[in-house]
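Spelled out from the first residue to the last, the chains are:
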2 protein chains.
Amino acid sequence: MNTYSSRLLEDAVNELTRLPGIGRRTALRLALHLLRQDAQRSEALGNAIIRLRSEVRYCSRCHNISDVEICAICADHRRDHTVVCVVEDIRDVMAIENTGQFRGVYHVLGGVISPMDGIGPGDLNIASLEQRAVEGTVSELIMALPATTEGDTTNFYLYKRLHEKVGTISAISRGVAIGDDLEFADEVTLGKSILNRVPYHKTF
Amino acid sequence: MNTYSSRLLEDAVNELTRLPGIGRRTALRLALHLLRQDAQRSEALGNAIIRLRSEVRYCSRCHNISDVEICAICADHRRDHTVVCVVEDIRDVMAIENTGQFRGVYHVLGGVISPMDGIGPGDLNIASLEQRAVEGTVSELIMALPATTEGDTTNFYLYKRLHEKVGTISAISRGVAIGDDLEFADEVTLGKSILNRVPYHKTF
């Protein structure tokens, strides 16, 4: 349906439709919602969107999103800067931070190696990770990349490139999620969780 | 989760979360998508949102959204200006226009009477509808309001207020949707479709 009686409305719907997971119907619903709101609400949203992209900065050390040169995590002296968790993007940093279980620092790759999508090692923040490793301050790299072919490829690439420069390279454990029934776990996950079993007294 | 390492990101997520049907997780996904795009994409979206609300105008006759004083439908002399279809909002205008079955004009109420939400007749575009009726150019009002208690209330209110000023007041037919199985239709709809049956030769 393209019978918009207003070019302004059509423009807004077209732009909203470019967002992932938002079709024309949802975009129209959002646009009509904005029309019902105060003008200052639309202005706040529009400006937040424009400023996010135009003023965003990334931590020069870990590439996490940050408003300042060095992000709050990298600037926190109470954290263990010798343990670096390697993640795909900043969402993963937030997810791990929310667990409250990690007191080291991060390195955000900005993606994973994916020849199908034309993403090679040069497109990721790997050189700066190697630099951190070469500086000799990293005792352990924890790989927390997605459990996909691309994630595995990236893990393997990083291992080959960095294992002589870093004391330990580990990977987060994979297994049956807490609270999940065994019967619903896929075979690969369940298989891994048996192969990678841990001493019982360590599970407390 | 409120561990955003950037105020810009936090602002954008907060504003996006105000949109209907968008939770914090989706808002974050949208914000990260915007970060990966060119800056001009974010600017186009942000500006479209701001301009939509600040520059929007409504047709002074039917209250449909419009970039000019009189909308394209009201300005179209090939349409039948004596038949006015009364709808809740501009989405309904689009939906009816998309059928290609209606050659009259519209009147957008901007809502329906809903005491629960504090919406009375004075909050809707009813005075201007009465004005159109009083001018004597309307031969038929077609009520196309939602089949809800609020829609019925509004229909009844408009009928009482306008039936002496307009030749005919009709309502769109309700019944079993084309392609639907009878067994899945609710009782009220199926009952209505039997009570309001039409001569067979009119169904072609």
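Just so you know, these numbers come straight off a predicted model, no measurement behind them.

Colleague: Please set out the overall build of chain A residue by residue, giving values where relevant.
Modeller: Helices and strands together make up the secondary structure of chain A, namely seven helices and six strands. Reading chain A from its N end, one meets helices and strands in the order α-α-α-β-β-β-α-β-α-β-α-β-α. The C-alpha radius of gyration computed for chain A amounts to 22 Å, which surpasses the reference 17 Å derived for 204 residues by more than 25%, pointing to a less compact arrangement than a globule. Overall size of chain A, expressed as C-alpha extent along the three principal axes, is 65 × 45 × 35 Å. The 204 residues of chain A split such that 38% are buried.

Colleague: Help me get a handle on the UniProt feature "domain: Toprim" (unreviewed entry) in chain A, residues and values and all.
Modeller: The UniProt entry lists residues 82-177 of chain A under the feature "domain: Toprim" (unreviewed entry), expressed in the numbering used here. Helix makes up 33% of residues 82-177 of chain A and strand makes up 18%, while its end C-alpha atoms are separated by 28 Å.

Colleague: Residues and numbers for the UniProt feature "zinc finger region: C4-type" (unreviewed entry) in chain A, please.
Modeller: When the UniProt feature table is mapped to this numbering, "zinc finger region: C4-type" (unreviewed entry) covers residues 59-74 of chain A. Counting secondary structure, residues 59-74 of chain A comes out at 0% helix and 12% strand; the distance between its end C-alpha atoms is 8 Å.

Colleague: Describe the domain arrangement of chain A, with residues and values.
Modeller: Domain annotation of chain A identifies domain 1 (7-55) and domain 2 (78-172). When each unit is reduced to the centre of its C-alpha atoms, the spacing between domain 1 of chain A and domain 2 of chain A is 35 Å.

Calculation rules
- Residues numbered from 1 in each chain as written.
- Chains lettered and ligands numbered in written order.
- Predicted model: local features only at pLDDT ≥ 70, side-chain atom pairs only at ≥ 80, totals over all residues.
- Heavy atoms only, no water.
- Helix = DSSP H or I, 4+ residues; strand = E, 2+ residues; numbered from the N terminus.
- Rg over C-alpha atoms; globule rule 2.2 N^0.38 Å.
- Buried < 20%, exposed > 50% of the residue type's maximum accessible area, 1.4 Å probe, protein only.
- UniProt positions renumbered as here; feature names shortened; annotations may be inferred.
- Domains from an automatic or database assignment.

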